[in-house]
Amino acid sequence: MPGLLRPEDLQIIASDAEMAELERERALKRKQKQDHKELQEAFMARKVAPEAVERINNAVRIAAKNGQHHLQVVTFPSSFCSDGGRRINIADPEWPTTLTGFAKDAYEFYNHELRPLGYKLRAEIISFPGGMPGEVALSLAW
């Protein structure tokens, strides 16, 4: 019959379990950081698609048929803004200058193609994880 575990054995078991848990947490954080980096790289490289006009027309037509007067068109992490979303959060009129990547390209498309037609573009922080700006939404209004 095997002997009873000693308190020293239990301390080793507990320590090993704690170290394994810490390693799992580190691996998860590394994975999340890598995923965020890949998402950001894709966001920075993305451009407004050539079929954007057709897609926008279809989306706003459906929204209008449903009685809506605005449509959320882009969401992205506030960390993708040059100021972390601060200007959007305080409704600073200069918020478009903080856009980067696809958001900047989308804003330029709006400014050249949609604004002259009478569309409005609204930016807002739509989530606040831990009390800090999280996701940004850009919405078209008519």
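Residues numbered from 1 in each chain as written. Predicted model: local features only at pLDDT ≥ 70, side-chain atom pairs only at ≥ 80, totals over all residues. Heavy atoms only, no water.

Topic: the nonpolar core
Now for step 1: One finds F76, I88, W95, L99 and L138 to be the most contacted residues of the largest nonpolar core, which totals 27 residues.
Now for step 2: Examining the composition of this core, we find that 7 residues originate from one element, helix α4 (residues 101-114), more than from any other.
Now for step 3: Sequence-distant contacts of I88, defined by excluding residues within four places in its chain, comprise C81, W95, L99, A123, E124, I125 and V136. (Core = buried A, V, L, I, M, F, W, Y, C linked by side-chain atoms within 4.5 Å. Buried < 20%, exposed > 50% of the residue type's maximum accessible area, 1.4 Å probe, protein only. Helix = DSSP H or I, 4+ residues; strand = E, 2+ residues; numbered from the N terminus. Contact = heavy atoms within 4.5 Å.)

With respect to the pattern of salt bridges
Side chains bearing opposite charge may pair, as long as their charged atoms lie close to each other.
Now for step 1: If you walk through the whole model with that rule in mind, you get 8 salt bridges.
Now for step 2: Of the charged contacts, one joins R30 and E23 as a salt bridge, the two residues approaching to 3.1 Å between their closest N and O atoms.
Now for step 3: Given the relative accessible area of 35%, E23 is considered partly exposed.
Now for step 4: Across the pair R122 and E124 runs a salt bridge, and its minimum N-O distance is 4.0 Å.
Now for step 5: A residue is classified by how much of its surface remains accessible, and R122, at 36% relative accessible area, is partly exposed. (Salt bridge = Lys/Arg side-chain N within 4 Å of Asp/Glu carboxyl O.)

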